[in-house]
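# Per-entry structural report
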Amino acid sequence: MSAEPTPAPTTPTTPAEPRTGIWLIGARGSVATTTVTGAAAVAAGLHPATGMVTETPAFAEAGLPPLPALVFGGHDTTACPLPKRAEQLAAAGVLPHGLPTALAAELTAADAEIRPGGPGPGDNRSDEELIAAFAADLTGFRTRHALARVIVVNVASTEPAPRAGDTRLPASSLYAAAALAAGCPYVNFTPSTGLHHPALAERAAASGLPYAGRDGKTGQTLLRSVLAPMFHQRALAVRAWSGSNLLGGGDGAALADPAAAAAKNAGKERVLADTLGAAPEGEVHIDDVPAMGDFKTAWDHIAFDGFLGTRMILQTIWQGVDSSLAAPLVLDLARILARAHETGLTGPRPELGFFFKDPDGGSSSLAEQYAALLTFAGRLGETR
């Protein structure tokens, strides 16, 4: 009589890593495409996490969702597939050549989760109907992928500020309201109204969700937030601070609208007024130069007085790619807000002011904002 077969040894299993969704408004734009491509490239070990604050040692114990556990989707009004958009950015020198091909599967998977945005021409749905439709897209995304949570990040083109008497919510506020309705934390990386619309104040307060914004601090304003405290702390009198931006691409076209440019410039000027005590003489001008594509040049001219009234000038030139500067911050914000939501934090998060021109409270000093961010990282880690 044969012996009973010996059972095969069992391998202990560990629970699958909970996955986190990142839903991008403007999902086929330059910032979103760079974000999706960059997350996949870093997760696969193809490129280092340059520019990602959350990949520094200070966040190692914060309990943030790992990059391989992120799932992407979004809304957009354009039809260009994400893999094709990535190829265009590689051809323009924004993404490394060959990277879109290497990550074709990841880009295709993200593109399959992009839904039509709006409202478009001829769309007669009411605001509440649009909000319900967008919220259904979010809940469907969360269900299909069994996601622990979904973070909504607005990276769409800047829209003009609402005008007095407008009876409809701007598109950014429709998406923000949909995030609240679907139970999703929200980040506004643009100067657009988003959750700052008065009609959404009660919804935001009652949502029990964390949110952050607005207007990502990536280039010229980042430099201003460093230089303005220097002048203030050294008791140097700033007489005038003028600036100019030359840019192309989608941002250049959107900011050719004077109303959209005004919304963008408000944050740039606020950094100076908050730090120096008053806005100095001078303005920021934004010029659309289509030939520059996704590259941007920002110039600042600072006139200041030194000891005994000696008049001096500091000029700076910043040349870069906004989408490459913004994408790592989008990933940082989504991961931090996901962790904040997991720990039960609610409401506006002033601790994330480090990332914004127009933050939800707190200091305007970059050094003080960074210190607050590191303290917040420690707080998130304490709840693990």
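Nothing here was measured: the structure is a model prediction, and the numbers come from that model.

Criteria and cut-off values
Residues numbered from 1 in each chain as written. Predicted model: local features only at pLDDT ≥ 70, side-chain atom pairs only at ≥ 80, totals over all residues. Heavy atoms only, no water. Axes fitted to C-alpha atoms, helices over the stretch in contact; angles between N-to-C directions. Helix = DSSP H or I, 4+ residues; strand = E, 2+ residues; numbered from the N terminus. Parallel < 35°, antiparallel > 145°, perpendicular 65-115°, else oblique. Left-handed = near helix turned anticlockwise from the far one by under 90°. Contact = heavy atoms within 4.5 Å. Buried < 20%, exposed > 50% of the residue type's maximum accessible area, 1.4 Å probe, protein only. Pairing = 2+ DSSP bridges. Right-handed = clockwise from strand over helix to strand, strands pointing away. Salt bridge = Lys/Arg side-chain N within 4 Å of Asp/Glu carboxyl O. Arc of directions from axis to C-beta. Core = buried A, V, L, I, M, F, W, Y, C linked by side-chain atoms within 4.5 Å. Phe/Tyr/Trp six-rings, centres within 6.5 Å; stacked < 30°, edge-to-face > 60°.

Two numbers describe how helix α11 (residues 322-342) lies on helix α12 (residues 366-382): the axes approach to 10 Å, and their chain directions differ by 45 degrees. By the criterion of interaxial angle, the relationship of α11 to α12 is oblique. Pair α11 / α12 crosses with left-handed handedness. From α11, I336, R339 and A340 reach across to α12, where they touch L373, F376 and L380.

Further remarks concern the environment of V155. With respect to the helices, strands and loops of the structure, V155 is situated in the loop between β4 (149-154) and α6 (171-181). Residues V155 and G45 lie 110 residues apart in sequence; the distance between their C-alpha atoms is 25 Å.

Extensive coverage of strand β2 (residues 70-76) is indicated by the burial of seven of its seven residues. Residues L70, F72, G74 and D76 point to one face of β2 and V71, G73 and H75 to the other, with burial holding for every one of them. When strand β1 (residues 20-25) meets β2, the two strands line up parallel, connected through six bridges. In the strand pairing of β2, I25 is matched with H75. Remark: the β1/helix α1 (residues 30-43)/β2 crossover connection has right-handed handedness. In this sheet, strand β3 (residues 114-116) lies alongside β2 in parallel orientation, the contact comprising three bridges. Each bridged residue has a counterpart across the sheet, and for D76 the counterpart in β3 is P116.

Before going further, it helps to spend a moment on the pattern of salt bridges. Note that side chains of opposite charge can pair when their charged atoms are close. This model, assessed by the stated rule, comprises 17 salt bridges. For the salt bridge of R168 with D127, the shortest nitrogen-to-oxygen distance reads 2.5 Å. Residue R168 is located in the loop between β4 and α6, and its partner D127 is located in helix α5 (residues 127-144); the two are separated by 41 residues in the primary sequence. Look at D127 and you get buried, because its relative accessible area is 12%. Among the salt bridges present, the one from D305 reaches R311, with a minimum N-O distance of 3.9 Å. A relative accessible area of 61% places R311 in the exposed class.

A few words now on helix α4 (residues 104-111). Along α4, the residues classified as buried are L107, A110 and D111. One side of α4 carries all its buried residues, which in axial view fall inside an arc of 100 degrees. On its buried face, α4 sits against α1, β2, α2 (82-91), α3 (99-102) and β3.

Turning our attention to the nonpolar core. One finds L24, F72, V153, F189, I336, L352 and F355 to be the most contacted residues of the largest nonpolar core, which totals 52 residues. Those elements that place two or more of their residues in this core are β1, α1, β2, α2, α4, β4, α11 and α12. With ten residues, α11 is the single largest residue contributor to this core. Here F355 is in contact with V53, D215, G216, K217, L329, D332, L333, I336 and L373, once residues within four sequence places are set aside. Counting residues in each nonpolar core, the second largest holds 28 residues, with V71, A135, V152 and A204 among its members.

Let us now look at the sheet that holds strand β9 (residues 295-305). Sheet strands associate in pairs through backbone hydrogen bonding, adopting either a parallel or an antiparallel arrangement. Taken in spatial order, the four strands line up as β8-β7-β9-β10 in an open sheet, and their pairing is mixed. Bordering the open sheet on either side are β8 (284-288) and β10 (311-321), each of which pairs with just one other strand. For this sheet, the mean inter-axis angle between neighbouring strands, taken without regard to orientation, is 10 degrees. As paired strands, strand β7 (residues 237-247) and β9 are joined by ten bridges and run antiparallel to one another. Within the sheet, the bridge partner assigned to L247 lies in β9 and is K296. Sheet strands touched by α11: β9 and β10. Its angle to β10, the strand with the most contacts, is close to 80 degrees.

By the definition in use, this model includes six aromatic pairs. An angle of 25 degrees between the planes, with centres 4.6 Å apart, marks the rings of F134 and Y175 as stacked. Taken together, the residues F134 in helix α5 and Y175 in helix α6 connect sequence positions 41 residues apart. For Y175, a relative accessible area of 8% corresponds to the buried category. Relative to F355, the ring of F354 has its centre 5.4 Å away and its plane inclined at 85 degrees; by these criteria the two rings are edge-to-face. The class of F354 is buried, set by a relative accessible area of 16%. With a relative accessible area of 1%, F355 lands in the buried category. An aromatic cluster of three or more residues is present, and its members are F231, W241 and F304.

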